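# Structure at a glance
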Amino acid sequence: MKAVLLTGPRQAQLQQKPEPELPDKDWVLLRTRVAGICGSDLHYFISDSVGGEKVPYPCLAGHECSAEVVRVGPEARDFSPGDLVAVEPSISCGACDQCLAGRFNTCRKIKFLGHPGELDGCFAEYFVMPARNLIKLDSSLTPEEAMLAEPLSIALHALNLAAPGSGDRVGVLGTGPIGLSLILLLRQRGLSSIFATDRSEARVKAALRAGAAWAASVEQEDIVREILSRQPLGLDLVFEASGDQEAIDQSVALVKPGGRIIQVGIPVPERISYQIARLRRKEVAIINSRRQNRCLEPALELIKNRKVEVGWLLTHRFRPEEAQQAFSTAADRLDGVLKAAFIF
Ligand SMILES: [Zn+2]
Ligand SMILES: [Zn+2]
């Protein structure tokens, strides 16, 4: 089969690889339809070390996708060849203390689709997943929307952790697909005081389109001064959705006393720093958000019921043969890219 492999820093190649076997009776062989390139996939492309861990090249990444069922194991009930499915990329054990507490996203034995060293991902013609990780789609969702439900589920989990109050003033720092999904969900919940920032001009425009009340580029404005001039008491909630140290510092400056910072972006370096005196004096809570804890199904429902319109986030479609161009475009934010995806 064709597979897009990351073979080293800034190297993506189309190669031939054997089709995967079904590892157990309740697994399903899937044919990839649409596979989105996530910020976390880009980390393996940009740097050979992410969060203090070496990237084991060559790696087959990819976890945001829709797919078609090709073959089902004898215990993979409810699915038949030809079914179109959305894919929950986290495989949790269901038996550890975390799973029993409903924290499937921090399962002790978690395996994640396309996480190097755990499971081969969906940047390939075929991949395998347990049947319990699949959600059957009907014709009310396109394969592209089903793929976009995965980043929406990341934002939904972060929003659930943040539990915003109805009048909250909110910052979203970093308006890539996750930040934009956050803005869409905040608006859907009736919040309107949303302040958004990014480096890229295209993403600032996209933030306004998603429904931010105010958005600006950190390259062009002193965003802390601008936001605090509009909200002198500070923000109730700040979603840090870029992973940049600069935005982390801005979160601390923007949040009001007693407010919350939700860390959604994934910093590339192993350590980042906080101005602890400012945090402590304001008694700020920092909430770390990890992946999506079974938010895929509610995310699909929101799209299906047209409560959230995500189709426009997919701006760039690539063939697997264009692997290098696809990763470069997404990593370097070229051509106004929001979400880039491979169409298999
Ligand atoms: Zn992702
Ligand atoms: Zn578990």
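Everything quoted here is computed from the prediction, not taken from an experiment.

What counts as what
- Numbering of residues starts from 1 in every chain and runs along the sequence as written.
- Lettering for chains starts from A, numbering for ligands starts from 1, and both go in the order in which the items are written.
- Under the rules for a predicted model, residues below a pLDDT of 70 receive no local features and side-chain atom pairs below 80 are neither given nor counted, while totals for whole chains, interfaces and linings still include all residues.
- As a convention, hydrogens and water are excluded, and side-chain values are obtained from all of the structure's heavy atoms.
- With water excluded from the atoms, a metal site may look incomplete; its donors are any N, O or S atoms within 2.8 Å, or within 3.2 Å for Na, K and Ca.
- Three labels apply to residues, based on accessible area from a 1.4 Å probe with only protein chains included: buried if under 20% of the type maximum, exposed if over 50%, partly exposed otherwise in between.
- Secondary structure counts use DSSP, requiring at least four H or I residues in a row for a helix and at least two E residues in a row for a strand, with both numbered from the N terminus.
- Arc definition: directions from the helix axis to the C-beta atoms.
- A contact between two residues is defined here by any heavy atoms of the two lying within 4.5 Å.
- Here a polar contact is recorded for every N or O atom pair within 3.5 Å, except that within protein the pair must consist of a potential hydrogen donor and a potential acceptor, and residues adjacent in sequence are included only if both atoms are side-chain atoms.
- A domain assignment, automatic or from a database, supplies the domain bounds used here.
- Computed with a 1.4 Å rolling probe, the buried area is the accessible surface lost when two parts are put together, summed over both parts.
- Buried Ala, Val, Leu, Ile, Met, Phe, Trp, Tyr and Cys residues form a nonpolar core when they are joined through side-chain atoms within 4.5 Å.

Moving on, we come to the coordination of the zinc ion (ligand 2). At the metal site, the zinc ion (ligand 2) is ligated by Cys93 (SG), Cys96 (SG), Cys99 (SG) and Cys107 (SG), and these contacts range over 2.3 to 2.4 Å. As a motif over one chain, the donors of the zinc ion (ligand 2) read C-x2-C-x2-C-x7-C.

When we look at burial in helix H5 (residues 201–210), the residues that qualify are Arg203, Val204, Ala206, Ala207 and Ala210. Buried residues along H5 cover an arc of 160° about the axis, so they all sit on one side. Along H5, exposed side chains directed more than 90 degrees from the buried face belong to Lys205 and Arg209. Looking at the buried positions of H5, the neighbouring elements they touch are helix H4 (177–188), strand E13 (194–198) and strand E14 (214–217). Capping the start of H5 is the job of one residue whose side-chain oxygen sits 3.3 Å from the backbone nitrogen of Ala202: Ser200.

Moving on, we get to the domain arrangement of the protein chain. Considered domain by domain, the protein chain is made up of domain 1 (2–137 + 310–343) and domain 2 (155–288). The straight-line distance from the C-alpha centre of domain 1 to that of domain 2 is 28 Å. Facing the 16 residues of domain 1 at the interface are 14 residues of domain 2. At the boundary of domain 1 with domain 2, total buried surface from both sides reaches about 1,300 Å², with 69% on carbon and sulfur atoms.

A cis geometry characterises the amide bond from Tyr57 onward to Pro58, with omega recorded as -10°. Following the sequence through the fold, Pro58 ends up in the loop between strand E5 (53–54) and strand E6 (64–72). Positive phi is not limited to glycine here, since Ala163 has a value of about 40°. Turning to its location among the elements, Ala163 is positioned in the loop between helix H3 (143–162) and strand E12 (170–173).

Bound to the zinc ion (ligand 1) on the protein side are Cys38 (SG) and His63 (NE2), at distances that span 2.1 to 2.3 Å. Placement of the pair is Cys38 in the loop between strand E3 (27–36) and helix H1 (39–46) and His63 in the loop between E5 and E6, with a sequence separation of 25 residues.

Another point: the nonpolar core. By size, the foremost hydrophobic cluster in this structure holds 53 residues, and its most contacted members are Phe239 and Leu300. Mapped by element, the contributors of at least two residues to this core are strand E7 (84–87), H3, E12, H4, E13, H5, strand E15 (235–240) and helix H9 (296–304). The element best represented in this core is H3, accounting for 11 residues. Built from parts of two domains, this core gets at least three residues from each of domain 1 (2–137 + 310–343) and domain 2 (155–288). Ranked by size, the runner-up nonpolar core spans 49 residues in total, among them Ala67, Ala76, Leu113 and Ala340.

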